Amino acid sequence: MLWILGFLLSTGLMFPRSNGEKVYLEAVYKRPKYLATLIFASQAIFLGFTASGCIVFAQNILISAGQPAERWVVRGIALGVITFATLIHGLTPHAGVWLMNALSFFKTFILVFIVVTGWAVLAGHTRVKDPHANFRNSFAGSSQSSNDYATATFKVLNAYAGWSNVNYVLNEVKNPVRTLKIAGPLGLGICATLYVLANVSYFAAATKQQITKSGVTVASLFFGNVFGTHAQKALTVFIALRCVREQIFLELAKEGIPLPFGNRFWASTWPGKAPLPGLIIHLIPSVVVILGPPPNIVYPFILDIEGYPQQVVNLFIILGLFYLRWTKPNAHRPFKVWWPIAVFFLAAAVFLIIAPFLPPSNRVGDTPPLPYWLYCIVALGVLFAGVAYWFVWRVVLPKVFGYALVPRKEKLADGTVVTVFSREKIQ
């Protein structure tokens, strides 16, 4: 049920403008100037991890090699993968695109293979003794805690998150409105169908206890139960490849957001006509989170801490939608959302913001020994840090040193246009 809910919620993350949520926040919350931009920037920079796929890759590749998933071995492999992804996308973007397309093929192939194999399991043509066991009284023992459903939803939404990345590069898409109207629902619909059927396959091949214990290696468990240990090790290599993800970074430096070493450096496409400096910004928090929490809890912690602030952003976007529909009822809208759908998304965002603070059914959550509410506090702290940064940059420093920030456009040697601020002394 949550996979279907995730599909419905993900369709609301598609906007027919490049830079996605950022454009809508800036369109609604114009005053104070740059506040919405900096809050969004704090989330994108500090919580825009790509470490989760690297952790899963490391754990699956160790299973394939028949080696124990020791803490520093997992961390070392994950660091190697994320560094490789950053360099290939930052130095040789054409090779990065080729790799991305190849991995997308692997992902689709593996999902289809799991689905078809699951049909064979359900038909009783494999070594699994009772493939229908989990489907008798399927909802028996279901959690009564809102926290459990909220954190599970964050994990589901992460699986669909790749579709929101297209919002940041719609300037590169021909006829983006028409393309998004067709490709968005079609692509998400195919993904949702494969995800739901893959989960049916998992529950046909393994017990609930085995699935719970497997953590992020449930697909490897599926292959082991169906095909045996030797096949499990071979097929887990493909599962590991499926978990490598490309680096995506929103070039906030172009908007004039003050960063160390200056905006010109971070917004440039030097040296390989790709945003390597921006990818480095994206790399740093991912490295920190790989080295921080223990590997056995870092994956759920990352998904939770990524998903929570996104719901805060979604809440303000939906409130902004109501505001714009009220103040500008006749404005041209490529997509016009029905009121009942907007109310549904509003209710979902409020639930996903409040529910994680309620105690989970096991009282500890899925990231012990870390408190179950920690990711909410960290995420909100990062958003408030964006507010504090804006206040110091736009209010405190200009007032103390007596200057005004005057924006201007500047074209870099590589053709990139960036906004820079001059400090003009107030007489």
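Residues numbered from 1 in each chain as written. Predicted model: local features only at pLDDT ≥ 70, side-chain atom pairs only at ≥ 80, totals over all residues. Heavy atoms only, no water.

**Concerning the packing of aromatic side chains**
Filter applied, for reference: Aromatic contacts are taken between Phe, Tyr and Trp rings whose centres are within 6.5 Å, Trp giving its six-membered ring; a plane angle under 30 degrees counts as stacked, one over 60 as edge-to-face, and the others as tilted. Put simply, DSSP H or I for four residues or longer makes a helix, DSSP E for two residues or longer makes a strand, and each gets a number counted from the N terminus. Residue burial is assigned from relative accessible area. The probe radius is 1.4 Å, only protein chains are included, and a residue is buried under 20% of its type maximum, exposed over 50%, and partly exposed in between. Placement of a charge over a ring requires the Lys NZ or Arg CZ to be within 6 Å of the ring centre, with the centre-to-atom vector within 35 degrees of the ring normal.
In the structure shown here, the tally under the stated rule is 17 aromatic pairs. Both rings, one in Phe-113 and one in Phe-227, keep their centres 6.1 Å apart while their planes meet at 20 degrees; by these two values the pair is stacked. Separated by 114 residues along the polypeptide, Phe-113 in helix 6 (residues 93-122) and Phe-227 in helix 10 (residues 218-227) bring together distant segments of the chain. Classification of Phe-113 by relative accessible area gives partly exposed; the value is 28%. On the accessibility criterion, Phe-227 (35% relative accessible area) is partly exposed. Where Tyr-160 meets Tyr-195, the ring centres are 5.3 Å apart and the plane angle is 75 degrees; that geometry is what we call edge-to-face. Of this pair, Tyr-160 sits in the loop between helix 7 (146-159) and helix 8 (176-205) while Tyr-195 sits in helix 8; the two residues are 35 residues apart in sequence, bridging distant segments of the chain. For Tyr-160, a relative accessible area of 2% corresponds to the buried category. Connected via pairs of aromatic rings, a cluster forms that spans Phe-105, Phe-106, Phe-109, Phe-113, Tyr-202, Phe-222, Phe-223 and Phe-227. In this structure, Arg-394 packs its charged tip against the face of Trp-393, placed 5.5 Å from the ring centre.

**What to know about a nonpolar patch on the surface**
For clarity, the threshold we go by: Patches here: salt-bridge-free residues with over 30% relative accessible area, like charges joined within 9 Å, nonpolar side chains (Val, Leu, Ile, Met, Phe, Trp, Tyr) joined within 5 Å. Shrake-Rupley sampling with a 1.4 Å probe provides the accessible areas, and residues are treated as covered by the protein chains on show and by no other component. When a carboxyl oxygen of Asp or Glu is within 4 Å of a side-chain nitrogen of Lys or Arg, the pair counts as a salt bridge.
A cluster of nonpolar side chains, namely Met-1, Ile-4, Leu-8, Phe-139, Val-196 and Phe-344, defines an oily patch on the protein surface of about 620 Å² accessible area. The class of Leu-8 is partly exposed, set by a relative accessible area of 38%.

**Examining the nonpolar core**
Which entries qualify depends on this criterion: Note on terminology: a nonpolar core comprises buried Ala, Val, Leu, Ile, Met, Phe, Trp, Tyr and Cys residues joined through side-chain atoms within 4.5 Å. Contacts are residue-level and defined by heavy atoms, with any inter-residue pair within 4.5 Å sufficient.
Within the largest apolar cluster, 40 residues are counted, with the highest numbers of intra-cluster contacts made by Ile-305, Tyr-308 and Tyr-375. Counting only elements with at least two residues in this core, the list comes to helix 4 (51-64), helix 5 (71-91), helix 7, helix 13 (276-291), helix 14 (295-327), helix 15 (339-354) and helix 16 (374-401). A total of 9 residues in this core trace back to one element, the largest contributor, which is helix 14. With residues up to four places along the chain from it excluded, the contact list for Ile-305 reads Leu-47, Phe-49, Tyr-375, Val-378 and Ala-379. Of all hydrophobic cores here, the second largest spans 24 residues; its members include Ala-205, Val-218, Ala-219 and Phe-223.

**Notes on the pattern of salt bridges**
As enumerated under the stated definition, the model contains 3 salt bridges in all. Between Lys-155 and Asp-304 there is a salt bridge whose closest N-O contact spans 2.7 Å. Of this pair, Lys-155 sits in helix 7 while Asp-304 sits in helix 14; the two residues are 149 residues apart in sequence, bridging distant segments of the chain. The exposure class assigned to Lys-155 is partly exposed, which follows from its relative accessible area of 21%. Salt-bridge contacts for Asp-366 lead to Lys-155; the nearest nitrogen and oxygen are separated by 2.6 Å. You can see Asp-366 sitting in the loop between helix 15 and helix 16 and its partner Lys-155 sitting in helix 7, a full 211 residues away along the chain. Sharing partners across several salt bridges, the network here consists of Lys-155, Asp-304 and Asp-366.

**Remarks on unusual backbone geometry**
The phi torsion of most residues other than glycine is negative, and most of the peptide bonds are trans. For the bond running from Arg-31 to Pro-32, omega is -5 degrees, close enough to zero to count as cis. Mapped onto the elements of the fold, Pro-32 is located in the loop between helix 2 (21-28) and helix 3 (35-46). Here Tyr-34, not a glycine, exhibits a phi torsion of approximately 75 degrees, which is positive. For Tyr-34, the position within the fold is in the loop between helix 2 and helix 3. Not every positive phi belongs to a glycine, and Arg-363 is a case in point at roughly 70 degrees. Relative to the helices and strands, Arg-363 is located in the loop between helix 15 and helix 16. Taking the relative accessible area as the measure of exposure, Arg-363 reaches 60% and is therefore exposed.

**As for the packing of helix 6 against helix 10**
Selection rule: In this analysis an axis means a line fitted to C-alpha atoms, helices contributing only their contacting stretch, and an angle means the value between N-to-C directions, from 0 to 180 degrees. What sets the label is the angle itself: under 35 degrees gives roughly parallel, over 145 gives roughly antiparallel, 65 to 115 gives roughly perpendicular, and the rest give oblique. By convention, the crossing between two helices is left-handed when the near helix turns anticlockwise from the far helix through less than a right angle, and right-handed when the turn is clockwise. Only Asp, Glu, Lys and Arg are considered charged, only Ala, Val, Leu, Ile, Met, Phe, Trp, Tyr, Cys and Pro nonpolar, and every remaining residue, Gly among them, polar.
Contact geometry of helix 6 with helix 10 gives a least axis separation of 12 Å together with a crossing angle of 40 degrees. In terms of orientation, helix 6 and helix 10 fall into the oblique class. Helix 6 and helix 10 meet at a crossing whose hand is left-handed. Of the residues in helix 10, those in contact with Phe-113, Ile-114, Thr-117, Gly-118 and Val-121 of helix 6 are Ala-219, Phe-222, Phe-223, Val-226 and Phe-227. Here the contact of helix 6 with helix 10 is composed, by residue class, of 8 nonpolar, 2 polar and no charged.

**Regarding a positive patch on the surface**
Convention followed: The charge count treats Lys and Arg as positive and Asp and Glu as negative. His and the chain ends do not count. Lysine's charge is taken at NZ, arginine's at CZ, aspartate's at CG and glutamate's at CD.
There is a patch of like positive charges on the surface, built from Lys-30, Arg-31, Lys-33 and Lys-328. Structurally, Lys-33 can be placed in the loop between helix 2 and helix 3.

**With respect to the packing of helix 3 against helix 16**
At a minimum axis distance of 8 Å, the contact between helix 3 and helix 16 shows a crossing angle of 130 degrees. As judged from the angle between their axes, helix 3 and helix 16 are oblique. Where helix 3 crosses over helix 16, the two elements pack in a sense that is right-handed. Contact residues: helix 3 offers Leu-35, Leu-38, Ile-39, Ser-42, Gln-43 and Phe-46, while helix 16 offers Val-382, Leu-383, Gly-386, Val-387, Tyr-389, Trp-390 and Trp-393.

**Let's talk about the confidence of the model for the chain**
As a reminder of what qualifies: pLDDT measures how confident the predictor is about each residue, on a scale from 0 to 100.
For the chain, per-residue confidence averages 80 on the pLDDT scale, and residues scoring 70 or more make up 81% of the total. Considering only residues more than four positions removed or in separate chains, one finds that residues 244-251, a stretch of pLDDT under 50, has 32 contacts.

**Side note on helix 16**
Rules: Residue count minus one, scaled by 1.5 Å, sets the expected span of a helix. Bend at a given residue is defined as the angle between two axes, one fitted to the seven residues that end at that position and one fitted to the seven that begin there.
Here helix 16 is 28 residues long and its end C-alpha atoms lie 38 Å apart, about the 40 Å a rise of 1.5 Å per residue gives. The sharpest bend along helix 16 measures roughly 40 degrees and falls at Val-392. Among the residues of helix 16, those classed as buried are Tyr-375, Cys-376, Ala-379, Val-382, Leu-383, Gly-386, Trp-390, Trp-393 and Pro-398. Tucked into the core, helix 16 has its buried residues touching helix 3, helix 7, helix 14, strand 1 (403-411) and strand 2 (417-425). The positive-phi residue at the C-terminal boundary of helix 16 is Gly-402, with phi of around 65 degrees.

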